[in-house]
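This is what each chain is made of:
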Amino acid sequence: MRWQRKDLVGIRELSAEEITFVLDTADAFKQVGTREVKKVPALRGKTLVNFFIEPSTRTRTSFELAATRLSADVINISATTSSLTKGETLKDTAKILEANHADLIVLRHSSAGAAQFLAERLRASIINAGDGAHEHPTQALLDLYTIRERRGSIAGLHVAIVGDILFSRVARSNIFGLLKLGARVTLVGPSTLVPREFERLGVTVSHRIDEVLPTVDVVNLLRIQHERQRKEYFPGIGEYIRLFGLTKARARQLRPDCLIMHPGPINRGVEIDSDLADGVQSVILDQVTNGLAVRMAVLYLCGGIA
Amino acid sequence: MDADAIRNALRRMAHEIVERNSDLASVVLAGIPSRGVEIARRLAAFVEEFEKVKIETGVIDVSMHRDDVGQRAELPMVQTSRLPVPLDGRTVIIVDDVFYTGRTTRAAMDAIGSFGRPARIQLATLIDRGHRELPIRADYVGKNLPTAPGERVRLRLENVDMEPDAVWLITGART
């Protein structure tokens, strides 16, 4: 196949073939990182605007480095460094981005659908870097890439996603991607954060982590998003650790080849025991390295078509 | 061109590579995907047959170094480059199937530069169809095939296309 999309808004609208195409392209860009000159001229003369209405360091930095390695010029606009704060309409956001002559826009926004809205209205390529609780496609792609790199393929694997699923765009994008590539997915967490309704997507829901851990090939621990939590969803950190935290004792139930993943930033001692995060089963740093290759691939593909 | 003619052309090119490079151990054949990789493999096999020395081969993908990124409606798959690193002091021979405008060769030279600084870069191509747009020439040519700009050269290689080796000139085709 050939790549024909100018935007990456979500994993939901991608075919399995398109997902695999991005992952294969990322292989080629990962190789670039081993060269003497780690920069290629693919997006020379293009301007990328990193537009982050919500704070983010690692995703923004990863996109910035990816764009730099592709020879694009990068402008960073964030809610705190500009006069654009609360109250700005998306349409005004779009006008500002157009006025900046952006060829590619990486958008992080608190509202679901923000990236789609801009993609329909701007000629520039829109890359969704997280829109509310909707999708975070490049995170899912780098997770898929990391799993595929370690296990050879995704099809047939059993993946547990643990924690705050309800508010998590990472979970949604991962669910779509994993199912499309043939994995089995079990969501684990308290019923307030992992409601049964998710089963309609084609996944299994469990509220007992100890029943799930012995059967999985990958356990992906999501960050407890303190900033999004309201009291009625979340009883307390102590109770969460006791019921759902990946402690050393719990980790003994994992298969020896089970991968431990976390999109970061880690709350050490909450979602995961600190030693486990640095242990042999952890691929958390691989996720960061692969994120660069995956984002180079996405920027090259979406920014490289007319 | 049929399979015999292609084999004879590649044998002759392999002989020329041997004649022009006294230090064959420093030579790297870098094929441009996908047919250039297959041609590089065959050239290396001939050189090994003639001289009993092992020739290094590699893959050099040019997609990221092309000058028309952003001007096409769709993008083909980028293949992963594989070259011995570093290339410093080596003789790198770029291997392509059809030599046309020279833009692919320029991109390949740029890509090779990101792996190191070779002592020299040469170019081997099975078909030279003319119509250069850049000041680049080939060092080893299997066959000169005069063409008009509107014509197309169709090349098929076993192992790549699952068809027998053959080259056709298709006239009257669009662009």
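Fair warning: this is a prediction, and the values are worked out from it, not measured in the lab.

**Considering unusual backbone geometry**
With an omega of -10°, the peptide bond running from Gly264 of chain A to Pro265 of chain A counts as cis. With respect to the secondary-structure elements, Pro265 of chain A resides in the loop between strand E9 (259-261) and helix H10 (274-277). That bond from Pro33 of chain B to Ser34 of chain B is cis: its omega, -10°, falls within 30 degrees of zero. Residue position: Ser34 of chain B is located in the loop between strand E1 (27-31) and helix H2 (35-51).

**As for the environment of Tyr300 of chain A**
In this fold, Tyr300 of chain A is placed in helix H11 (residues 284-303). Considered as a pair, Tyr300 of chain A and Ile154 of chain A are 146 residues apart in the sequence and their alpha carbons are 24 Å apart. Setting aside its immediate chain neighbours within four residues, Tyr300 of chain A contacts Thr25, Phe29, Ala42, Leu43 and Leu70 of chain A together with Ser63, Met64, Val69, Leu75 and Val78 of chain B.

**Some details on the nonpolar core**
Counting 94 residues, the largest nonpolar core has Ile161, Leu187 and Leu299 of chain A as the members making the most contacts within it. Residue contributions to this core peak at 10 residues, all from H11 of chain A. In contact with Leu187 of chain A, other than residues within four places in its own chain, are Ile161, Ile165, Ile175, Val194, Phe198, Val203, Thr204, Val205 and Ser206 of chain A. Counting residues in hydrophobic clusters, the runner-up holds 29 residues, among them Ala40, Ile55, Ala124 and Ile127 of chain B.

**As for the pairing of strand E8 (residues 218-221) of chain A**
Residues and elements named next belong to chain A. Side chains of E8 alternate between two faces, with Val218 and Asn220 and Val219 and Leu221 buried alike. In this sheet, E8 lies alongside strand E5 (residues 158-162) in parallel orientation, the contact comprising four bridges. Directly across from Val162, in E8, lies its bridge partner Leu221. In this structure, E8 lies alongside E9, joined through three bridges in parallel fashion. Bridge pairing in E9 places Asn220 opposite Met261.

What counts and what doesn't
Residues numbered from 1 in each chain as written. Chains lettered and ligands numbered in written order. Predicted model: local features only at pLDDT ≥ 70, side-chain atom pairs only at ≥ 80, totals over all residues. Heavy atoms only, no water. Helix = DSSP H or I, 4+ residues; strand = E, 2+ residues; numbered from the N terminus. Contact = heavy atoms within 4.5 Å. Core = buried A, V, L, I, M, F, W, Y, C linked by side-chain atoms within 4.5 Å. Buried < 20%, exposed > 50% of the residue type's maximum accessible area, 1.4 Å probe, protein only. Pairing = 2+ DSSP bridges.

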